[in-house]
Amino acid sequence: MKQDWKKQLAGLGAILLGNAVYALAVAAFILPNGLITGGGTGLALVARHLWGVPVEAFVAVFNPAMFFVGLWALGWRFAATTLVSSFWYPLVLGAFQRIPGIAFPTQDTLLAVACAGGLIGVGMGMVIRAGASTGGMDIPPLVLNRKAGLPVSVGIYAFDFAILLGQMLFARREQVLYGILLVITYTLVLDKVLMVGAGRTQVKVVSPRYQEIREGILRELDRGCTLVQSETGFYGNRWPMVVTVVSGRELHRLTRLVQELDPDAFLVVSRVSEVRGRGFTQGKVHRSREKGEGAD
């Protein structure tokens, strides 16, 4: 129970901090340098140009409206994950805009694009990793996916493209190009943030001493492994191939172990983007192997 509370508090902290980082990027780099972008912020920039609505005021109305749309279309479970973002983001954005001097960290447009893209990607990544949504324009693509089967990625790109086109009414062509670069930047950073700590290394070992290698992996590295039936192409030797997944720190120990047991062993090392299961996303469980219980 205590662990659940710790996880919930950590998740809430990540949502609050992630939205604050996102708001900092908007207040310190996007608005002062006249950058354009997609999403709810881009829509707020269009509203400011057409009707003179302050960005923080538009976001304060738009995000809660999208929250209720998500509640109606996607249910309470989704709404619970976006509630904090929908109401916290406009508050912290308004607070940042009232800080003297925050609007002048740089007047170099390209540097502002890089900094804003990095901060937005980090902020969005923190929120998504906490199992929440940033709200706003994230919600319509999810609704279309649920109601019409439209892929979420297609919906996001379609809305962002439409918003960027809307900003062409008052933005220079150069600003539009910077806007596209900004979207690309925070998308790339977001992907990296989402994959932090999730990547692992897969190692395949072909050797006649597969049993000793298997035992070494189980005992010395405390990692699981799988024996896959295989046959060598030249001699036709039928040796089980040992397949295991380790962290970057464990890779050197594994290769040294294999080389000590069989210097002629054939190893294939490849990077995998994500691993789920015992020993990674779940705790390790050591069971008796004498009765064949559980899997290696």
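Remember, predicted model here, so these are calculated numbers, not experimental data.

Novice: A description of the environment of Met137 should follow, citing residues and the corresponding values.
Specialist: Structurally, Met137 can be placed in the loop between helix H5 (109–129) and helix H6 (139–148). Among the residues examined, Met137 registers a relative accessible area of 12% and is labelled buried. Residues Met137 and Asp160 lie 23 residues apart in sequence; the distance between their C-alpha atoms is 8.7 Å. Not counting residues within four places of it along the chain, the set of residues in contact with Met137 comprises Gly39, Gly40, Leu43, Phe62, Phe159 and Ile163.

Novice: A description of a nonpolar patch on the surface should follow, citing residues and the corresponding values.
Specialist: Side chains of Leu177, Ile180, Ile184 and Leu188 sit close together on the surface and give an oily, nonpolar patch of about 380 Å² of accessible area. Residue position: Leu177 is located in helix H8 (residues 173–195).

Novice: An account of the sheet that holds strand E2 (residues 226–228) is needed here, citing residue identities and associated values.
Specialist: Taken together, the four strands give an open sheet; going across it, the order is E2-E3-E1-E4, and neighbouring strands pair in antiparallel fashion. Taken across any chain shown, the strands that pair with only one partner, and hence form the sheet edges, are E2 and strand E4 (266–272). Across the sheet, the mean angle separating the axes of adjacent strands is 25 degrees when strand polarity is ignored. Taken together, the five bridges between strand E1 (residues 200–206) and strand E3 (residues 241–246) define a ladder with antiparallel strand orientation. Considered in E3, the bridge of Gln202 is made with Val245.

Novice: Now, about the nonpolar core: what can you tell me, with residues and values included?
Specialist: Grouped together as the largest cluster of nonpolar side chains are 39 residues, with contacts concentrated most on Val26, Ile30, Val55, Tyr89, Leu93, Phe96 and Ile120. For this core, the secondary-structure elements that each account for two or more residues are helix H1 (2–30), helix H2 (39–51), helix H3 (55–74), helix H4 (76–97), H5, H6 and H8. The element that contributes the greatest number of residues to this core is H1, accounting for nine residues. With near-sequence residues (within four places) excluded, Val55 lies in contact with Leu31, Ala44, Leu45, Arg48 and Leu93. Membership of the second largest hydrophobic core comes to 14 residues, among which are Ile213, Cys225, Val242 and Leu254.

Novice: So what's going on with the packing of aromatic side chains? Residues and values would help.
Specialist: Summed over the entire model, instances satisfying the criterion amount to four aromatic pairs. Consider the rings of Phe58 and Phe62, whose centres lie 5.4 Å apart with planes at 15 degrees: the pair is stacked. In this pair, Phe58 and Phe62 both sit in helix H3, four residues apart, roughly one turn of the helix. Pair check on accessibility: Phe58 and Phe62 agree, each one buried. When the ring of Phe234 is compared with that of Tyr235, the centres are 4.8 Å apart and the planes differ by 85 degrees; the resulting orientation is edge-to-face. In this pair, the class of Phe234 matches that of Tyr235, namely exposed. The side chain of Lys147 reaches across the aromatic face of Trp72, ending 5.4 Å from its centre.

Novice: If you had to explain the confidence of the model for the protein to someone new, which residues and values would you point to?
Specialist: On average, residues of the protein carry a pLDDT of 82, and 87% of them reach 70 or more. Note on residues 290–296: pLDDT under 50 across the span, and eight contacts to partners over four residues away in sequence or across chains.

Novice: Which residues make up the packing of helix H9 (residues 210–220) against helix H10 (residues 248–261), and what values go with them?
Specialist: Describing two packed helices takes the angle between their axes plus the distance from one axis to the other. Across the interface, H9 lies against H10 with an axial gap of 10 Å and an inter-helix angle of 145 degrees. In the packing of H9 onto H10, the handedness of the crossing is right-handed. Side by side, H9 and H10 meet where Glu212, Ile213, Gly216, Ile217 and Glu220 of the first sit next to Arg253, Leu254, Leu257, Val258 and Leu261 of the second. Class assignment of the residues belonging to the contact of H9 with H10 gives a composition of six nonpolar, one polar and three charged.

Novice: Would you mind going over the pairing of E1 in detail, with residue names and values included?
Specialist: Counting buried residues along E1, five of its seven residues qualify, which places the element largely inside the surrounding structure. As paired strands, E1 and E4 are joined by seven bridges and run antiparallel to one another. Considered in E4, the bridge of Lys204 is made with Val268.

Novice: Explain the pairing of E3 to me, using residue names and the numbers behind them.
Specialist: For E3, the tally of buried residues reaches six of six residues, placing the bulk of the element in the interior. Of the two faces of E3, the one lined by Met241, Val243 and Val245 and the one lined by Val242, Thr244 and Val246 are each fully buried. One ladder, built from three bridges, connects E2 with E3; its direction is antiparallel. Along E3, the bridge assignment pairs Leu227 with Val242.

Novice: Any details on the packing of H3 against H6? Residues and values, ideally.
Specialist: Look at H3 against H6: their axes get within 10 Å of each other, and the N-to-C directions meet at 15 degrees. Classified by the interaxial angle, the pair formed by H3 and H6 is roughly parallel. Crossing hand, H3 versus H6: left-handed. The segment H3 lies against H6, with Met66, Phe67, Val69, Gly70, Ala73 and Leu74 engaging Ile139, Pro140, Leu142, Val143, Arg146 and Lys147.

Analysis parameters
Residues numbered from 1 in each chain as written. Predicted model: local features only at pLDDT ≥ 70, side-chain atom pairs only at ≥ 80, totals over all residues. Heavy atoms only, no water. Helix = DSSP H or I, 4+ residues; strand = E, 2+ residues; numbered from the N terminus. Buried < 20%, exposed > 50% of the residue type's maximum accessible area, 1.4 Å probe, protein only. Contact = heavy atoms within 4.5 Å. Patch = residues over 30% accessible without salt bridge, like charges linked within 9 Å, V, L, I, M, F, W, Y side chains within 5 Å. Areas by Shrake-Rupley, 256 points an atom, 1.4 Å probe, with all protein chains shown as cover. Salt bridge = Lys/Arg side-chain N within 4 Å of Asp/Glu carboxyl O. Pairing = 2+ DSSP bridges. Axes fitted to C-alpha atoms, helices over the stretch in contact; angles between N-to-C directions. Core = buried A, V, L, I, M, F, W, Y, C linked by side-chain atoms within 4.5 Å. Phe/Tyr/Trp six-rings, centres within 6.5 Å; stacked < 30°, edge-to-face > 60°. Lys NZ or Arg CZ within 6 Å of the ring centre and 35° of its normal. pLDDT = per-residue confidence, 0-100. Left-handed = near helix turned anticlockwise from the far one by under 90°. Nonpolar A, V, L, I, M, F, W, Y, C, P; charged D, E, K, R; others polar. Parallel < 35°, antiparallel > 145°, perpendicular 65-115°, else oblique.

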